[in-house]
Amino acid sequence: MKTPEHPIFLESITYIRSKLGITGLDQIEESILERIIHSSGDFSLQSCIRFSPRACMYAINALKSGAKILTDTYMAEAAISPMAKRTINSDIQCILGMAPRSIDSTLTTRSAIGMRNIWLDFVEKENFSNAPLVVIGSSPTALISLLDLVESGYAKPSLIIGMPVGFIGVAESKSRLLDSECPYIVLEGSKGGASVAAAATNALLRAAEN
């Protein structure tokens, strides 16, 4: 049985729709845009969101088939977990659980190592006919690490939500994702964050439930 949305959330979405007008997006893409605006209070995100063709359909089919969701932060994991439990009970895992506690930060990041370790572990142990969804809301180095693996011949994710936030390496990592063969949902430029990446994921979980 589908769990209802909170009345205040529904009122907020009605307001957001009244301000957005015609977006040119399909129903699921528009629900993602609405949720990320709701989570951020930022209508300018409409101008920088990008979807690869059929990205949402690939993601929803993967979720329905039991695909895992990988996040780059525990914050994103915490923001997605309640929706996952209310909808289709997807398994969620943060890549930092596969990262060493201490590293030489002049050479790499824990997120980059965690992403590489978890992806190689999945390749070795899991059936990649239903690859995980990857949610990046913070770390451009995690995104780059994953793209390096895919470009070297490893399996692609079912979807990459590429919304790292900040200024150093962020726009470049997103541009690389936009040029890749991976299905993606991207916020171009410096905007992003765990909350908006989680909001996009939650919209997909709702769609998969329906």
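Preceding this paragraph is the structure being described.
Residues numbered from 1 in each chain as written. Predicted model: local features only at pLDDT ≥ 70, side-chain atom pairs only at ≥ 80, totals over all residues. Heavy atoms only, no water.

A closer look at the sheet that holds strand 5 (residues 159–162)
The strand order across the open sheet formed by 6 strands is 1-6-5-4-2-3, and the pairing between neighbours is mixed. Edge strands, defined here as strands with exactly one partner in the open sheet, are strand 1 (49–51) and strand 3 (92–94). For this sheet, the mean inter-axis angle between neighbouring strands, taken without regard to orientation, is 15 degrees. With 4 bridges joining them, strand 4 (residues 133–136) and strand 5 adopt parallel strand pairing. Paired with isoleucine 136 across the strands is glycine 162, a residue of strand 5. (Pairing = 2+ DSSP bridges. Helix = DSSP H or I, 4+ residues; strand = E, 2+ residues; numbered from the N terminus. Axes fitted to C-alpha atoms, helices over the stretch in contact; angles between N-to-C directions.)

Re helix 5 (residues 110–125)
For helix 5, spanning 16 residues, the distance from its first C-alpha to its last is 22 Å, which sits close to the expected 22 Å at 1.5 Å a residue. Where helix 5 is concerned, the buried positions are Ser111, Ala112, Gly114, Met115, Ile118, Trp119 and Phe122. For helix 5, the angular spread of buried residues about the axis comes to 165 degrees, placing them on one side. For helix 5, the exposed residues lying more than 90 degrees away from the buried face are Glu124 and Lys125. Turning to helix 5, the residues buried within the fold contact strand 2 (69–71), strand 3, strand 4 and helix 6 (140–151). (Expected span 1.5 Å × (residues − 1). Buried < 20%, exposed > 50% of the residue type's maximum accessible area, 1.4 Å probe, protein only. Arc of directions from axis to C-beta. Contact = heavy atoms within 4.5 Å.)

Quick notes on the pattern of salt bridges
Tallied over the full model, the rule gives 10 salt bridges. Across the salt bridge formed by arginine 176 and glutamate 151, the nearest N and O atoms sit 3.0 Å from each other. Linking arginine 176 in helix 7 (residues 170–178) with glutamate 151 in helix 6, this pair joins segments that are 25 residues apart in sequence. Judged by its relative accessible area of 26%, arginine 176 falls in the partly exposed class. In this structure glutamate 151 comes out as exposed when scored by relative accessible area, which is 54%. The structure contains a network of salt bridges with shared partners spanning Glu5, Arg35, Arg206 and Glu209. (Salt bridge = Lys/Arg side-chain N within 4 Å of Asp/Glu carboxyl O.)

Quick notes on the state of the cysteines
Across all of its chains, the model carries 0 disulfides by this definition. Of all cysteine sulfurs in the structure, the one in cysteine 182 sits closest to cysteine 56, which takes part in no disulfide; the separation is 15 Å. Free cysteine cysteine 94: the closest other cysteine sulfur is in cysteine 182, separated by 20 Å. Cysteine 94 gets classed as buried once you look at its relative accessible area, which sits at 4%. (Disulfide = S-S within 2.5 Å.)

What about the packing of helix 2 (residues 27–40) against helix 3 (residues 55–64)?
Angle between the axes and distance between the axes: these two values describe a pair of packed helices. Relative to each other, helix 2 and helix 3 sit at 85 degrees, their axes nearing to 9 Å. Taken together, helix 2 and helix 3 sit at an angle that is classed as roughly perpendicular. Facing helix 2, whose interface residues are Ile28, Glu29 and Ile32, helix 3 presents Cys56, Met57 and Ile60. Residue composition of the contact of helix 2 with helix 3, grouped by class: 5 nonpolar, no polar and 1 charged. (Parallel < 35°, antiparallel > 145°, perpendicular 65-115°, else oblique. Nonpolar A, V, L, I, M, F, W, Y, C, P; charged D, E, K, R; others polar.)

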